[in-house]
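This is what each chain is made of:
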Amino acid sequence: MATSKDCFQTIHTMHKAALLAHRKQKSEDTSTLLGGQLPNKVVHDNNYIPLMTTGPDVSEKQMQEKPQSFQHAILTALPEDRHQPKPVIVVGPAGVGRTTALEKLIVDWATGKHLQHFSCVFHFTFRDLNAHKGVLSLQALLLQCYSHLSPESLALVLQNPKSLLFLFDGLDQYQHSLEPPTSLTLCSDPQQPASVSMLVASLVHGPLLKGAAILLTSRPTAASLESLDGYRMELLGFLKPQRKAYCDRFFSDPIVASQAFENIERTMGFYDFCTSPRFCWMTCSIYKSLMEAGEILPETLTQVFVYITIHLIRALSLDTTNARDLVTSLGRMASHCCLGPDSNCSKEEMASTDVQQFLTTPTSMKDFLHVDGDLESDNCIFSFHTQKIQEFFLAASFYLDESEAVSVEELLENHEGCVEFLDLYLAGLSEPSQRKPLESELGEFNTDHIMDFSSWFKSTSRKALESYHTDRHLHYFHLLHQRQNEKLVKEIITPSARGISYGVLGVHDCVSLSYIVTCLGEWDQLNLYSSKDLTEEKANLLVPAIRLSHKIILVQSSLSAGALAHLASALSQGRTTELDMSYNPMGDTGFKVLCTGLGDCNIQTLKLPVCGLTEACCGDLVAVLTSEKSHLRVLELRGNTLHDQGLRKLSHALGSPHCKLQELHLVRCELTTLVFKELGVLLSSGTSGLRTLSVGLNKIGDEGAKHLWVALGNKRCSLEHLDVEMIQLTDACVGDMSAAVRASGFLKSLVLKNNHLTDTSVPALVQVMQDSRTMQEMNLQYNDFSEDMFEMMDQCAKIKY
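Residues numbered from 1 in each chain as written. Predicted model: local features only at pLDDT ≥ 70, side-chain atom pairs only at ≥ 80, totals over all residues. Heavy atoms only, no water.

### Some details on the overall build of the protein chain
Part 1: Assigned secondary structure in the protein chain consists of 34 helices and 23 strands.
Part 2: For 801 residues, the compact-globule estimate of 2.2 N^0.38 gives 28 Å, and the C-alpha radius of gyration of the protein chain, at 36 Å, exceeds that figure by more than 25%.
Part 3: For the protein chain, buried positions account for 53% of its 801 residues.
Part 4: Here the contacts in the protein chain between residues at least 6 apart in sequence split such that 77% fall between residues at least 24 apart.
Part 5: Surface summary for the protein chain: the accessible area is close to 35100 Å², and the carbon and sulfur share equals 49%.
Part 6: Across the protein chain, the mean location of the 68 positive side-chain charges is 6 Å away from that of the 92 negative side-chain charges. (Helix = DSSP H or I, 4+ residues; strand = E, 2+ residues; numbered from the N terminus. Rg over C-alpha atoms; globule rule 2.2 N^0.38 Å. Buried < 20%, exposed > 50% of the residue type's maximum accessible area, 1.4 Å probe, protein only. Contact = heavy atoms within 4.5 Å. Areas by Shrake-Rupley, 256 points an atom, 1.4 Å probe, with all protein chains shown as cover. Lys, Arg positive; Asp, Glu negative; His and termini not counted. Charge placed at Lys NZ, Arg CZ, Asp CG, Glu CD.)

### A look at the sheet that holds strand β21 (residues 749-751)
The strands making up a sheet associate through hydrogen bonds between their backbones, and the pairing can be parallel or antiparallel.
Part 1: One open sheet accounts for 11 strands, arranged β13-β14-β15-β16-β17-β18-β19-β20-β21-β22-β23; its pairing is parallel. The open sheet has two edge strands with one neighbour each: β13 (523-527) and β23 (799-800).
Part 2: Where strand β16 (residues 605-607) meets strand β17 (residues 634-636), 3 bridges bridge the pair, whose relative direction is parallel. Looking at the pairing, Thr 605 lines up with Val 634 of β17. (Pairing = 2+ DSSP bridges.)

### Overview of the pattern of salt bridges
Part 1: Enumeration according to the criterion identifies 30 salt bridges in this entry.
Part 2: Ionic pairing is found between Arg 483 and Glu 431, a salt bridge with its closest N-O pair at 2.8 Å. In this pair, Arg 483 is assigned in helix α22 (residues 470-483) and Glu 431 in the loop between α19 (422-429) and α20 (432-442), connecting sequence segments 52 residues apart. Judged on exposure class, the residue Arg 483 and its partner Glu 431 are both buried.
Part 3: For the salt bridge of Glu 491 with Arg 462, the shortest nitrogen-to-oxygen distance reads 3.3 Å. Of this pair, Glu 491 sits in helix α23 (residues 486-492) while Arg 462 sits in helix α21 (residues 447-465), and the two are 29 residues apart along the sequence.
Part 4: The class of Glu 491 is partly exposed, set by a relative accessible area of 35%. (Salt bridge = Lys/Arg side-chain N within 4 Å of Asp/Glu carboxyl O.)

### Overview of the environment of Lys 458
Part 1: Within the secondary structure, Lys 458 sits in helix α21.
Part 2: Separated by 33 residues in sequence, Lys 458 and Glu 491 have C-alpha atoms that sit 9.2 Å apart.
Part 3: Discounting residues that sit within four places of it in the chain, Lys 458 has contacts with Leu 488, Glu 491 and Ile 492.
Part 4: A polar contact is formed between the side chain of Lys 458 and the side chain of Glu 491, at a distance of 3.3 Å. (Polar contact = N/O pair within 3.5 Å; in protein donor to acceptor, adjacent residues only side chain to side chain.)

### Concerning helix α7 (residues 138-145)
In an α-helix there are 3.6 residues to a turn, and that puts residues three or four apart on one side.
Part 1: The set of residues buried in α7 consists of Leu 138, Gln 139, Leu 141 and Leu 142. Buried residues of α7, viewed axially, fall in a sector of 160 degrees; they line one side.
Part 2: Against β4 (120-125), α6 (126-130), β5 (135-136), α8 (151-157), β6 (164-169) and α9 (196-205) lie the buried residues of α7. (Arc of directions from axis to C-beta.)

### Thoughts on the packing of helix α13 (residues 301-314) against α20
Part 1: Two numbers describe how α13 lies on α20: the axes approach to 9 Å, and their chain directions differ by 10 degrees. Classified by the angle their axes make, α13 and α20 are roughly parallel. Contacts between α13 and α20 involve Thr 302, Gln 303, Val 306, Tyr 307, Thr 309, Ile 310, Ile 313 and Arg 314 from the first element and Ser 433, Gln 434, Pro 437, Leu 438, Glu 441 and Leu 442 from the second. (Axes fitted to C-alpha atoms, helices over the stretch in contact; angles between N-to-C directions. Parallel < 35°, antiparallel > 145°, perpendicular 65-115°, else oblique.)

### Brief notes about the sheet that holds strand β10 (residues 345-346)
Part 1: Spatially, β10-β12-β11 is the arrangement adopted by the 3 strands of the open sheet, whose pairing is antiparallel. Two strands in the sheet have a free side with no partner beyond their single neighbour: β10 and β11 (369-372).
Part 2: In the sheet, β10 pairs with strand β12 (residues 381-384) via 2 bridges, with the strands oriented antiparallel. Across the sheet, the residue bridging to Cys 345 is Phe 382, located in β12.
Part 3: Of the strands in this sheet, β10, β11 and β12 are in contact with helix α14 (residues 320-339), which crosses β12 at around 100 degrees.

### Comments concerning unusual backbone geometry
Part 1: Positioned with a positive phi, Gln 484 is a non-glycine residue whose angle comes to about 55 degrees.
Part 2: Within the secondary structure layout, Gln 484 lies in the loop between α22 and α23.
Part 3: Look at Gln 484 and you get partly exposed, because its relative accessible area is 36%.

### Observations regarding the nonpolar core
Part 1: Counting 264 residues, the largest nonpolar core has Phe 122, Phe 166 and Trp 709 as its most contacted members.
Part 2: When sequence neighbours within four positions are dropped, the list of residues in contact with Trp 709 reads Leu 722, Val 724, Leu 729, Cys 733, Asp 736, Met 737, Ala 740, Leu 750 and Leu 752. (Core = buried A, V, L, I, M, F, W, Y, C linked by side-chain atoms within 4.5 Å.)

### Side note on the side chain of Ser 119
Part 1: Summarising the element assignment, Ser 119 is placed in the loop between α5 (98-110) and β4.
Part 2: Using a relative accessible area of 6% as the deciding quantity, one classes Ser 119 as buried.

### A few points about the packing of aromatic side chains
How two aromatic rings sit relative to each other is set out by the distance from centre to centre and by the angle between their planes.
Part 1: Summed over all chains, the structure comprises 29 aromatic pairs.
Part 2: When the ring of Phe 166 is compared with that of Phe 168, the centres are 6.5 Å apart and the planes differ by 10 degrees; the resulting orientation is stacked. A single burial state applies to Phe 166 and to Phe 168, both of which are buried.
Part 3: Taken together, the aromatic side chains of Phe 270, Tyr 271, Phe 273, Phe 279, Phe 305, Phe 368, Phe 384, Phe 392, Phe 393, Phe 421 and Tyr 425 make up a single cluster linked through ring pairs. (Phe/Tyr/Trp six-rings, centres within 6.5 Å; stacked < 30°, edge-to-face > 60°.)

### Here's the deal with the pairing of strand β14 (residues 549-553)
Part 1: For β13 and β14, the ladder comprises 4 bridges, and the chain directions are parallel. Within the sheet, the bridge partner assigned to Gln 525 lies in β14 and is Lys 551.
Part 2: In this view, the connection linking β13 to its parallel neighbour β14 by way of helix α25 (residues 536-547) has right-handed handedness.
Part 3: Pairing geometry for β14 and strand β15 (residues 578-580), over 3 bridges, is parallel. In the sheet register, Ile 552 faces β15, and the bridge partner there is Leu 579.
Part 4: Handedness of the crossover joining β14 and β15 through helix α26 (residues 561-573): right-handed. (Right-handed = clockwise from strand over helix to strand, strands pointing away.)

### Considering α22
Part 1: Its 14 residues give α22 an end-to-end C-alpha distance of 20 Å, which sits within 8% of 20 Å, the value for a rise of 1.5 Å per residue.
Part 2: Counting buried residues along α22, 10 of its 14 residues qualify, which places the element largely inside the surrounding structure.
Part 3: Residues of α22 that are buried sit in contact with α13, α19, α20, α21, α23 and α24 (507-520).
Part 4: Residue Gln 484 follows α22 closely and has a positive phi angle near 55 degrees. (Expected span 1.5 Å × (residues − 1).)

### Considering a negative patch on the surface
Part 1: A cluster of acidic residues, Glu 409, Glu 410, Glu 413 and Glu 416, forms a negative patch on the protein surface.
Part 2: Note on placement: Glu 409 falls in helix α18 (residues 408-414). (Patch = residues over 30% accessible without salt bridge, like charges linked within 9 Å, V, L, I, M, F, W, Y side chains within 5 Å.)

### Some points on the pairing of β6
Two faces, one strand: in a regular strand the side chains alternate between the faces of the sheet.
Part 1: Burial analysis of β6 places 6 of its 6 residues in the buried class, the great majority of the element.
Part 2: Taking every second residue as pointing to the same face, both faces of β6 are buried, with Leu 164, Phe 166 and Phe 168 on one and Leu 165, Leu 167 and Asp 169 on the other.
Part 3: Bridge count for β6 against strand β8 (residues 213-218) is 4 bridges, and the pairing is parallel. Along β8, the bridge assignment pairs Phe 166 with Ile 214.

### Describing the environment of Leu 34
Part 1: Structurally, the position occupied by Leu 34 is in the loop between α1 (4-26) and α2 (39-44).
Part 2: Of the residues examined, Leu 34 reaches a relative accessible area of 1% and is grouped as buried.
Part 3: C-alpha of Leu 34 to C-alpha of Val 624: the two residues are 590 residues apart in sequence and 55 Å apart in space.
Part 4: Apart from the residues within four sequence positions on either side, Leu 34 is in contact with Arg 278, Met 282, Ile 308, Leu 312, Asp 367, Phe 368, His 385 and Ile 389.

### Here's the deal with the side chain of Asn 130
Part 1: As for its position among the elements, Asn 130 is in helix α6.
Part 2: Residue Asn 130 is classed as buried on the basis of its relative accessible area, which comes to 6%.
Part 3: With residues up to four places along the chain from it excluded, the contact list for Asn 130 reads Gln 173, Tyr 174, Gln 175 and His 176.

As structure tokens, then:
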């Protein structure tokens, strides 16, 4: 006689076998170019590549630095020893692979790879659940969906809820709410009849099969997400390594795979939708077709959809007139879907578009459109596979329209707020080189509409680029990048469009900005003020812009070591003469990376105030200053804790025959009296070319300053500007200082602000300024002078007090 354990094992084995058999049967269905590969086929053919996710409770920074695979995240979220389980909520945009990831999870469980602490896994789609009307028990629902289970077997399985895993796919398609109802209305008995919506809510919120694990997937747009309490993870799809792996697997020839991958990354890798496995399938499929035919690969997103459209139309064997009418009909449908609340068309609405006149078979219909339901049913719903192809047909149909009913401005205004790529496609298709292949299939575009777009584009772009709105600048950079027209860039981008800050940049922004700068050949000032998330990827994309920029501003920015490496490399190969990295928390480690490019570049002015530098960085700085290829003239180190030892190292560099430094700022660098003897000796030696020195806000005092006065009095000292603000000077230093000023043949300005000079010093200071032929200004502001001295100081216009 079989024990309950034996029965349970038999049920367990049978359930796994039934799940695998069902999925193998579904894997024989056909995939489409736009619709993508079917999830079952991807998994069954062993073509699954792990999707990346944030995992539960992962910060945005951790997500960027260490994304993890979906399978690993699920194992973490659903451990065997879980306590008080909450639903696991997997969120991701359309086409990111949510359904395929669930299929892989089910197959891995059924084949004994993962999650074996669950005795049974039950999978539902919310779309299928919408079809259930009336009331039934959870047990009855499971028996309907899993007919291989007998009532007795299921009853045994349900006795241990903690061993059950329920998977619900597509919450965004659910027609009911998951708002937690009152505890009085929730269902707790698997045999109690209730509406399907109540059964689902009772499972998700706990009373029904308490302890069972629940996993839901959804697009971010689902209204019910806000009310759900659980472990939420964002599905990232394919990042760059996964896209590389996908291409390597898709193309049998490694060289072809590499060519395709590099082109995809260069042309489209910066778009968010490139993380979609469906998009990777579509792109690789069309690239394979192009490469086999010896065609040139696309250089813009517009060209990708041009070739996709050509591929789909040729499969229908339509003549030019019918092909043109088909795209025009698809454009009408696209407009309806954009403007409608549900982004789809009913069968009745489809009749008004004339699309079915050309797509006469189920296969051709599904190649172009997503069909929800039976084609013969009046309840069948039609939509585009993606928003991208929907808007492409809308743009193409505008140029094919022979009437003058709608201008480009009216087209964009009518669809404002419901389109994302429309003006991008209009920009691309306005260029002869990009639309020509499509015109060979559809006939020539309406030249009046092309001229209308060109006129609109020039007018609006110039207006946008004259403003100080960064987002408007970047948007038109995107459009210019899509057009790939260097002559047009030079015509539109005027000097007034180059002066604003582009501190907050996305990946697409970096690509477009670099394209603009490359077309122009140079850029006066690349202002990246307050770039808080300048990642290694973004910095790499900005390398062309960095190389061609004369001045680069990275004030209050934060760069990773990888980003700094790309910056250093670009500087060493570029024409930049000024780099401002003020208030950049790079520290000694980051500065060491930056120095790899500073020793052999055109930088003449380097600003590094408050960058977290210490004396440990000075060795690298000395190497830069003493490099024969260094052009550094101005160095700003204010607010870094260099200490005396750091200045000693710098002093040795200043005496090098290769050092070209003329201006050095060491304000508030934790310097003391002890080091100024060595600095004074250096300044007196004549080996230093320093013209400007700032050492204010350091604890120097009269004792340290006397070495500066001695140096100033030496004819070999070439200092022209000296700033000793707030270094605790007193009247005791005025005699030596006055003698030094008189003896100096070069000194033009002396800043003595915020010291402890009193009325006693005023006559001597006024006299020395009146006697000096070289001195142009002495700044005595904020000392301890009484108002009685103001009249005396007024006698010398060169004194500022």
